Amino acid sequence: MNVFINGDAMVLPETINSVSLLLEHFHLEQKVVIVELNQHILDKSMHAETILTDGDRIEIVHFVGGG
Amino acid sequence: MSERYSRQMLFPPIGKEGQKKLREKHALIIGAGALGAANAETLTRAGVGKLTIADRDYVEWSNLQRQQLYCEEDAVRKVPKAIAAAKRLKAINSEVQIFPRIMDVGVQEMEELIEDVDLIIDSTDNFDIRFLINDISQKHRIPWIYGGCVGSYGLSYTILPGVTPCLNCLMDKLPLGGATCDTAGVIQPAIQMVAAHQSAEALKILAENLESLRATLISFDVWKNQFSSVNVSSLRNPQCLSCGTKPIYPFLDYRIQTKTSLLCGRDTVQIRPSALQDMDVAYLEKSLVSQGINVESNPYLLSFSINDARVVVFKDGRVLVHGVRDILQAKNLYHRFLG
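What you see is a predicted model; the values in this text were computed from it and never measured. (Residues numbered from 1 in each chain as written. Chains lettered and ligands numbered in written order. Predicted model: local features only at pLDDT ≥ 70, side-chain atom pairs only at ≥ 80, totals over all residues. Heavy atoms only, no water.)

A.B. asks: I tried to follow the overall build of chain B on my own but got confused; where do I start?
C.D. replies: Within chain B, the regular secondary structure consists of 12 helices and 14 strands. Across its three principal axes, chain B shows a C-alpha extent of roughly 65 × 50 × 40 Å. For chain B, the accessible surface area stands at approximately 15200 Å², while carbon and sulfur atoms represent 52% of it. Of the side-chain charges in chain B, 38 are positive and 37 negative, and the distance between the mean point of each set is 2 Å. (Helix = DSSP H or I, 4+ residues; strand = E, 2+ residues; numbered from the N terminus. Areas by Shrake-Rupley, 256 points an atom, 1.4 Å probe, with all protein chains shown as cover. Lys, Arg positive; Asp, Glu negative; His and termini not counted. Charge placed at Lys NZ, Arg CZ, Asp CG, Glu CD.)

This is the structure we're talking about:
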């Protein structure tokens, strides 16, 4: 599947078809993240059931503590 | 106003009026590490009226690669960061009133620090303190600017009480065991990018140009060449315990404050006595020396080594124990030498 993540065009393996799986794919499942899909912020409870489709534009922001 | 600010006043959104407003303002920077040093230098050069900079730590060699206000001598002499920062900032711009505070900022300290303050800039390295900043900001209606950075990645968001979501709305839980600068490293350009976003927003707030604020959560990776700007206004939660319609400011509850904490993943434990009070450091030094222990000291702290651990005692009674893996080992050393 072809998607854009944080502005970059990316080809995802076919098995990665939901937001939860995408976060696991990037090892972000334990992190506090905000996910925007096609300019809509997703409620965290919706990550598992939100299905990705070809051409989706996804922004993933994870919080870090350093400074 | 002097030639010093001429280029900034030529910039129309600031102008002479903005410069005057900036001069009347008081900014509080919590943390004098990499982000704190960068933000403090920008605001000092820009001519803010007053700048308070609070930090609990002292300068070490590993800081010099990115903490732009410090030099080798500061690391050799273990100068507290607040003091070393103030010295450098005063040399940069003697017109700015700089108030250095060597302290571990908790609830009580925060209530005292925010008096007369117009803006808080987060330059800390952990979320415990950020949630405290977030609650105090909501309680006293003072804006604050979050910044975080690890590796080549960073992010920032400006929180305006009554306008934007707060940190408690954006993050539904405290992240545990995340990467830190001490485990994953950090590079100076990522720090500069976060600080640039923070201090640009700070200038807008202090010069009262609020309509130019960014209003999005930005994040970027300067190594992977990614940038993202997300509108998070829909996450403002009316039921939020920090900023909702019935706030209880949960993070200002003194009972949840820890007295010992592991410092940003670097084998260091901080022990903070329940009541901070000035410590007789000279007496302690004498007694350690009489036990044949080699002690190093400066007017703000003393340090000594025991086996693989190094103990640093600040005048306010706080102790850092380096080179230990757990809190128990640190407490043992603490009680052995400090009662």
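There's plenty left to go through after this.
A.B. asks: What should I look at first to understand the interface of chain B and chain A in this one?
C.D. replies: Taken residue by residue, the interface counts 36 residues in chain B and 19 residues in chain A. Of the roughly 2100 Å² buried at the junction of chain B and chain A (both faces included), carbon and sulfur atoms supply 62%. The three residues of chain B that bury the most area against chain A are Tyr153, Gln226 and Val230 of chain B, which together make up 23% of that side's buried surface. Taken together, the links from chain B to chain A amount to 0 salt bridges. Our count for the chain B to chain A interface comes out at 10 residue pairs in polar contact (both at pLDDT 80 or more). Among the secondary structure elements, those contributing two or more residues to the side of chain B that touches chain A are helix H3 (34–46), helix H7 (127–140), strand S5 (144–150), strand S6 (153–159), helix H8 (167–170), strand S7 (217–221) and strand S8 (226–230) of chain B. It is S5 of chain B that contributes the most residues to the side of chain B that touches chain A, 5 residues altogether. A breakdown of the residues in the side of chain B that touches chain A according to their chemical character gives 19 nonpolar, 12 polar and 5 charged. (Contact = heavy atoms within 4.5 Å. Buried area = accessible area lost by both parts, 1.4 Å probe. Salt bridge = Lys/Arg side-chain N within 4 Å of Asp/Glu carboxyl O. Polar contact = N/O pair within 3.5 Å; in protein donor to acceptor, adjacent residues only side chain to side chain. Nonpolar A, V, L, I, M, F, W, Y, C, P; charged D, E, K, R; others polar.)

A.B. asks: Looking at this structure, I do not really get the domain arrangement of chain B. What am I missing?
C.D. replies: Interface size is often expressed as the accessible area that is lost when the parts come together. What the domain assignment lists for chain B is domain 1 (3–255) and domain 2 (258–338). Of note, the centres of domain 1 of chain B and domain 2 of chain B, computed from C-alpha atoms alone, are 28 Å apart. (Domains from an automatic or database assignment.)

A.B. asks: Even after reading the chapter, I still don't get helix H11 (residues 281–290) of chain B, so can you show me in this structure?
C.D. replies: Residue and element names in this part refer to chain B. Taken as a whole, H11 has its buried residues at Val281, Leu284 and Leu288. One side of H11 holds all its buried residues, which, seen down the axis, span an arc of 60°. Facing away from the buried side of H11 by over 90 degrees, the exposed positions are Ala282, Tyr283, Lys286 and Ser290. Each element contacted by the buried residues of H11 is listed here: strand S11 (295–298), strand S12 (301–306), strand S13 (309–314) and helix H12 (327–338). (Buried < 20%, exposed > 50% of the residue type's maximum accessible area, 1.4 Å probe, protein only. Arc of directions from axis to C-beta.)

A.B. asks: Where do I start with the environment of Arg101 of chain B in this structure?
C.D. replies: All names here are of chain B. By the element assignment, Arg101 lies in strand S3 (residues 97–102). Distance in space between the C-alpha atoms of Arg101 and Glu285 is 23 Å, their sequence separation being 184 residues. Here Arg101 is in contact with Thr52, Ile53, Ala54, Asp55, Ala82, Glu112 and Leu113, once residues within four sequence places are set aside. A polar side-chain atom of Arg101 sits 2.8 Å from a polar atom in the side chain of Glu112.

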